[in-house]
Amino acid sequence: MYTVDALKTAIVVTNPTGAHACGAMEDGVKESKWKTYFKRDVVGDYDYKFLCMPHNPFGKKYQSPPPFFGHNEKLSLFVAMLMGLQHSLAMLGGVITPPLIISGAFDGNFTPDKRQYVVAAALLASGVFTALTVIRLKLFGSDRLPGGPYYIGTGLLSVMGVSFTFLPIFQSSIRAICAEDGVPGCQGKEGETAYGRLLGTVCVCALLEVFLSFVPARLLRKVVPNFVAGITVALIGVGLIGTGVKYWGGGAFCADNSGRGTETDFAPGTFFFDQATESYVPMPVQPCTNNGDTNLPYGSPEYWGLGLLVTVTLIVVEIFGSPFLRNCNVIIALVVGYIVAVCTKKDGNNYVTSEQFDNAKVATFFWVETFPLGFYWPAIIPLLIAFLVTTVESIGDISATCEASMMDVEHERIQGGLLADGIYSILSALCMTMPNTTFSQNNGVISLTRCASIYAGIACGVWLFVMGIFGYIAAVISSIPDAVLGGMTTFLFSNVFISGIRIICSQPITRRIRFILAISFGLGIGVALVPGFGGLAQRGRLGGGWGVASGHLWPPRLSYSTAMTSFQEACIIALSTPYCVGTVVAILLNLILPKEAVEDEEGGVKTYQLPSNVISRVEEPDTQKEVADSAPNSENGQMEL
């Protein structure tokens, strides 16, 4: 074949006037190379019509999905950033929800600057650790060593984020620390100090998962099989759904303190019978204060309607949305609810104020705001249980990611993922944010988009990092009214519960498993409904609660030593956390009850069985639903979350 230079020389020799034609030919070759480069490395040849076209629910036919992009397949810049944006939006709701709740008025009661920082730090940490776990770093060892080589990270398209598993423990522990002075609720900087003490405790307890990363997964499965992990995940959802509904009605603080308002705070037209005066008197209320400056009573129609708008938007997007929109339906619903809240008023009062934006920083980074690290002994037992649970969940998450990526489940990827969970949880705490563990939101996105390339995972980390570094993004997130946030979190937390049920159904339900389910769910759900049953003292209306029990299972005594008091508080926190008590009971019953045949001895009915290595993350109910060529309408699997 002749090169361009050879053709140019030949033309000039035979026909000097042909030099201009030669130059045009060279320019044409360069233009062709540029077009090839632009299409291959910048735009790509992905089927964008499949990704962006709205779904017609009344149609009979579906368009064929695009070709599958493998694990190490290189993507064009635009495709990688587009896929990464989908993954980041799919997990964004799960990442920002825990810090928003912990920093809220009902729990930590952080200052606006601190609240914006914990949201930004969660996004920054998720972005950095997602990119690192996707790249996968080799530590030591070789194939000739037992269990080697050893890695940190999975090397798969798996993402890292703040886990809902730790949210109930942080909530109960912060409230317990703030109540040590005898005054309910966190006053001043009490909540921020309590948060710092828990972060220091996480740094120590996360070493358990670091140790477990070197234990064979099959041994862990014997102690915590699929159905036990499912019980844990379902109880996490049960405990959190109540929090979501409280936020939906206006806020958790005003929901749990109805009847504790001042003499000037009354719900119009609402009365209760006062036995002392034998007459009906106006019911005092606690105004909901984290919805701009509206300050309406809990459950007001305005708050209820804002949360309902978010739920209705979720349904509409799920029915008519394109695959891209359905992958990020939680964020779309949150944006719609937020825009409506910004554009509406109640008696001249705004649902969104400028307070969060007045002092917002243009950019932020790690350690711009800090919390005093400490240690809280009573949280050790609950946190150790939480890290044991996340270990088993991560094994299933990584296995599910391998299957969605059409790869074999390899031990070193599970080992690397568990080690990343432990080490990155420690680093997250040092970065002043809650523990980061493996999410599985991305598995549903992989199945839907048919893209498992690690380049999309790296792009996802870049998007999360960019979202966290701009201070005004954290300010917008922090200014979301509680009612709008509640409509979104109720959906996320309900998905957590459904995820647990799906894990339980991944194996046949025998009489033995049903018995364990009954005992574990009975205690776990009972504690979720009546926290006082586990010994947690409850706050109700002054002079008596509204049917809420106050626990006296193990009251503290003045004769207790400091160590005994810490142990007593640890037991009360564990017994008052639904998934802690349910998980401990399920593990013990699984170890002591005799095994039996797989087939149900009462009726011989075989249950639907999924692959044994499929365990969904708490934020992700449908991680393994494949996209059939004839019906690309699999669920996006929101959370975790």
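Here is what the cut-offs are and how they apply
Residues numbered from 1 in each chain as written. Predicted model: local features only at pLDDT ≥ 70, side-chain atom pairs only at ≥ 80, totals over all residues. Heavy atoms only, no water. Helix = DSSP H or I, 4+ residues; strand = E, 2+ residues; numbered from the N terminus. Buried < 20%, exposed > 50% of the residue type's maximum accessible area, 1.4 Å probe, protein only. Axes fitted to C-alpha atoms, helices over the stretch in contact; angles between N-to-C directions. Parallel < 35°, antiparallel > 145°, perpendicular 65-115°, else oblique. Left-handed = near helix turned anticlockwise from the far one by under 90°. Contact = heavy atoms within 4.5 Å. Nonpolar A, V, L, I, M, F, W, Y, C, P; charged D, E, K, R; others polar. Salt bridge = Lys/Arg side-chain N within 4 Å of Asp/Glu carboxyl O. Expected span 1.5 Å × (residues − 1). Core = buried A, V, L, I, M, F, W, Y, C linked by side-chain atoms within 4.5 Å. Phe/Tyr/Trp six-rings, centres within 6.5 Å; stacked < 30°, edge-to-face > 60°. Lys NZ or Arg CZ within 6 Å of the ring centre and 35° of its normal.

Undergrad: Any chance you could explain the overall build of the protein here in plain terms?
TA: Scanning the protein for helices and strands turns up 24 helices and eight strands. Counting the 641 residues in the protein, one finds 54% classified as buried.

Undergrad: What am I meant to see in the packing of helix α12 (residues 301–320) against helix α14 (residues 329–343) here?
TA: For any two helices packed against each other, one specifies the inter-axial angle together with the distance between the axes. Between α12 and α14, the least distance of the axes is 8 Å, while the angle of their chain directions is 140°. Taken together, the axis directions place α12 and α14 in an arrangement best described as oblique. Note on packing geometry: the crossing formed by α12 with α14 is right-handed. Along its contact with α12, which presents Leu306, Leu309, Val310, Thr313, Leu314, Val317 and Glu318, the element α14 presents Asn329, Val330, Ile332, Ala333, Val336, Gly337, Val340 and Ala341. Split into classes, the residues belonging to the contact of α12 with α14 amount to 11 nonpolar, three polar and one charged.

Undergrad: Could you clarify how one ought to interpret the environment of Val223 in this entry?
TA: Here Val223 lies in helix α9 (residues 217–223). C-alpha separation for the pair Val223 and Leu591, spaced 368 residues apart in sequence, amounts to 7.3 Å. For Val223, the residues in contact, after removing those within four places along its chain, are Ile587 and Asn590.

Undergrad: What should I look at first to understand the pattern of salt bridges in this one?
TA: Any two side chains of opposite charge can pair, given that their charged atoms come close. Counted according to the given criterion, the structure contains five salt bridges. Across the salt bridge formed by Lys114 and Glu369, the nearest N and O atoms sit 3.5 Å from each other. Within this pair, whereas Lys114 is found in helix α5 (residues 112–135), its partner Glu369 is found in the loop between α15 (355–358) and α16 (380–404), the two being separated by 255 residues in sequence. Salt-bridge contacts for Glu302 lead to Lys346; the nearest nitrogen and oxygen are separated by 2.9 Å. You can see Glu302 sitting in helix α12 and its partner Lys346 sitting in strand β6 (residues 345–346), a full 44 residues away along the chain. Given a relative accessible area of 25%, Lys346 falls into the partly exposed group. One network of salt bridges, in which partners are shared, links Lys114, Lys361 and Glu369.

Undergrad: What is the right way to read the packing of α14 against helix α21 (residues 482–504) from this model?
TA: The contact between α14 and α21 brings their axes to 9 Å, and the two run at 160°. Here α21 runs roughly antiparallel to α14, going by the angle between their axes. Here the hand of the crossing between α14 and α21 comes out right-handed. For the pair α14 and α21, contact is made by Val330, Leu334, Gly337, Tyr338 and Ala341 and by Val484, Met488, Phe491 and Leu492, respectively. Partitioning the contact of α14 with α21 into residue classes produces eight nonpolar, one polar and no charged.

Undergrad: Explanation requested: α21 in the structure shown.
TA: One full turn of an α-helix is made of 3.6 residues, so residues set three or four places apart face in the same direction. Look at α21: 32 Å from first C-alpha to last across 23 residues, which is about the 33 Å you get at 1.5 Å a residue. Most of α21 sits out of view: 18 of its 23 residues are buried.

Undergrad: How do you make sense of the environment of Glu412 when you look at a structure like this?
TA: Relative to the elements of secondary structure, Glu412 occurs in helix α17 (residues 411–430). For Glu412 and Tyr150, which are 262 residues apart along the polypeptide, the C-alpha to C-alpha distance reads 6.6 Å. Among residues more than four places away in sequence, those in contact with Glu412 are Arg136, Pro149 and Tyr151.

Undergrad: I'm lost on the nonpolar core in this one. Help?
TA: One broad trend across soluble globular proteins is that nonpolar side chains are buried collectively. Ile96, Ile102, Leu123, Phe170, Ile174, Tyr195 and Ile231 are the most contacted members of the largest nonpolar core, which totals 122 residues. Not counting chain neighbours up to four residues away, the residues in contact with Ile174 comprise Ile102, Asp107, Gly108, Cys186, Ala194, Tyr195 and Leu198.

Undergrad: Can you help me understand helix α6 (residues 167–178) in this one?
TA: Its 12 residues place the ends of α6 17 Å apart at the C-alpha level, agreeing with the 16 Å of an ideal helix rising 1.5 Å per residue. Of all 12 residues making up α6, 10 are buried, and the element is well covered by its neighbours. Three or more residues of α6 are buried, namely Leu167, Pro168, Ile169, Phe170, Gln171, Ser172, Ser173, Ile174, Ile177 and Cys178.

Undergrad: Would you explain the packing of aromatic side chains in this entry?
TA: In this description, an aromatic ring pair is defined by two values, namely the gap between the centres and the angle between the planes. Going through the model one piece at a time under the given rule, you end up with 14 aromatic pairs. A centroid spacing of 5.4 Å and a plane angle of 40° characterise the contact between Phe110 and Phe371, whose relative ring orientation is tilted. Placement of Phe110 in the loop between α4 (77–102) and α5 and of Phe371 in the loop between α15 and α16 is noted, with a sequence separation of 261 residues between them. Cation over ring: Lys114 sits above Phe371, and NZ or CZ is 4.8 Å from the ring centre. Over the face of the ring belonging to Tyr151 we find Arg136, whose NZ or CZ atom lies 3.9 Å from the ring centre.

Undergrad: Would you mind going over the side chain of Ser428 with me for this structure?
TA: Within the secondary structure layout, Ser428 lies in helix α17. Not counting residues up to four positions away in its chain, the partners in contact with Ser428 are Ala125, Phe129, Thr433, Met434, Pro435 and Asn436.

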